[in-house]
Amino acid sequence: MASHSSTIKFSSVLLRTLHNTLQQRTDLEGQLRRGPLQIKAVQSMVDEAQAQVNAAAKTLKKTRMTADEKQLQLQSREAHVKNLQGKLNTAASNKEFSLLKDQIAADEQANSVQSDEILEVLERIDSCEADLNRSQKKLEQAQEDQTKRLKEIEARLEQVRQDLARINEQLAVHETDIPAAVKADYRRLVDARGDEALAPIEQDSCGGCYQTLTTQVLNQVMLSTLTHCPNCNAYLYQA
C-alpha cells in the first residue's frame, strides 16, 4: 500500500476525473438496484386493489347466501301457515281452533318480520354490488397504471444500463493513465470502497471523512504526489 509519504506522482486532475467517473457509476448502479423495488411498489398497488375486489366479492357472496337462507326460511314458514290454516276446518274443539289461530297469527307476524329482514338484505346486496363494481374499476385502473409505469421504469432502466456501460468504458480508459506502481493498490481500494476510495480536499480537510489534514499532507497533494488520507486511507486530490 502506498503511504502518505509516497513519492509516486498521481495528478489531482486524473484523480478528480476518476472520482467523478466512479461517483457516476455508483449513482447509476444505485438506480439499477432501485428498479426492482420500484417494480415491486407498482405491483403492490395492483395487489392491494385485487385484495379489495376479493373482499368485496366475498362480502357480496356472503350477503346473497344470507338472503337465500332467509327466503328459504320464509317459504318454509309460509308453507307451515298454510298447513295450519288447512287444519282450522278440521279442528275438533274451540280450544284447538283457538290454538291454531294463535299459532297462525304468531307465524304470520314472524313472516312479516322476516320479509322486512329480507328487504334489508336485498338492499345490502345492491350496496355490495356497487362496492364490488367500484373495486373492480379501481383494479382495472391500477392494472392500466401498472402497465404504463412498468414501461416507463424499464425504459429508464435500459437508459441507465446504457449510461453505465458508457461510464465503465470511460473509467477503463481513465484507469490506463494510473501509474503502474499504484494500480494494484488502487484496484484493491476501489473494489472494496467504490467511489469512497478517493476524496477531494475541502477546506484543508479530507472530503471523505472530514479529518483535518496537516500542512505536509496538503503540500504533497499540491505537488501531485500520491497521498492517502491518514485517517480513512482515501486517495486525496485537490478539488
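Residues numbered from 1 in each chain as written. Predicted model: local features only at pLDDT ≥ 70, side-chain atom pairs only at ≥ 80, totals over all residues. Heavy atoms only, no water.

As recorded by an unreviewed UniProt entry, the protein carries the name C4-type zinc ribbon domain-containing protein and is attributed to Rhodopirellula islandica.

Colleague: Which parts of the structure should I look at to understand the sheet that holds strand S1 (residues 198–202)?
Modeller: As a general point, the strands of a sheet are linked pairwise by backbone hydrogen bonds and lie either parallel or antiparallel. Here we have three strands laid out as an open sheet, ordered S2-S1-S3, and mixed in their pairing. Strands at the two margins of the open sheet, each flanked by one partner only, are strand S2 (205–206) and strand S3 (235–238). As defined by bridge partners, S1 adjoins S3 across four bridges and the pair is classed as parallel. Each residue of the ladder has a partner; that of Ala199, found in S3, is Leu236. Here helix H1 (residues 12–88) sits on the sheet in contact with S1 and S3, set at roughly 110 degrees to S3. (Pairing = 2+ DSSP bridges. Helix = DSSP H or I, 4+ residues; strand = E, 2+ residues; numbered from the N terminus. Contact = heavy atoms within 4.5 Å. Axes fitted to C-alpha atoms, helices over the stretch in contact; angles between N-to-C directions.)

Colleague: What's the story with the UniProt feature "coiled-coil region" (unreviewed entry) in the protein in this structure? I'm lost.
Modeller: In this numbering, the UniProt entry assigns the feature "coiled-coil region" (unreviewed entry) to residues 39–66 and 125–177. The span residues 39–66 is 100% helix and 0% strand, and its two end C-alpha atoms sit 41 Å from each other. Along residues 125–177 the backbone is 96% helical and 0% strand, and the end-to-end C-alpha distance reaches 76 Å. (UniProt positions renumbered as here; feature names shortened; annotations may be inferred.)

Colleague: Can you help me understand the nonpolar core in this one?
Modeller: Within soluble globular proteins, side chains that are nonpolar tend to cluster in buried spots. Ranked by internal contacts, the top residues of the largest apolar core, which has 16 residues, are Phe10, Leu18, Tyr186, Leu198 and Tyr235. Of all elements in the fold, only H1, helix H3 (183–193) and S3 reach the threshold of two or more residues within this core. Looking at this core element by element, the count peaks at four residues for H1. Other than its neighbours up to four places away in sequence, Leu198 contacts Leu15, Leu18, His19, Leu22, Tyr186, Val190, Ala234, Tyr235 and Tyr237. Core analysis: the next-biggest nonpolar cluster, separate from the first, contains twelve residues, Ala67, Val121, Ile125 and Ala142 among them. (Core = buried A, V, L, I, M, F, W, Y, C linked by side-chain atoms within 4.5 Å. Buried < 20%, exposed > 50% of the residue type's maximum accessible area, 1.4 Å probe, protein only.)

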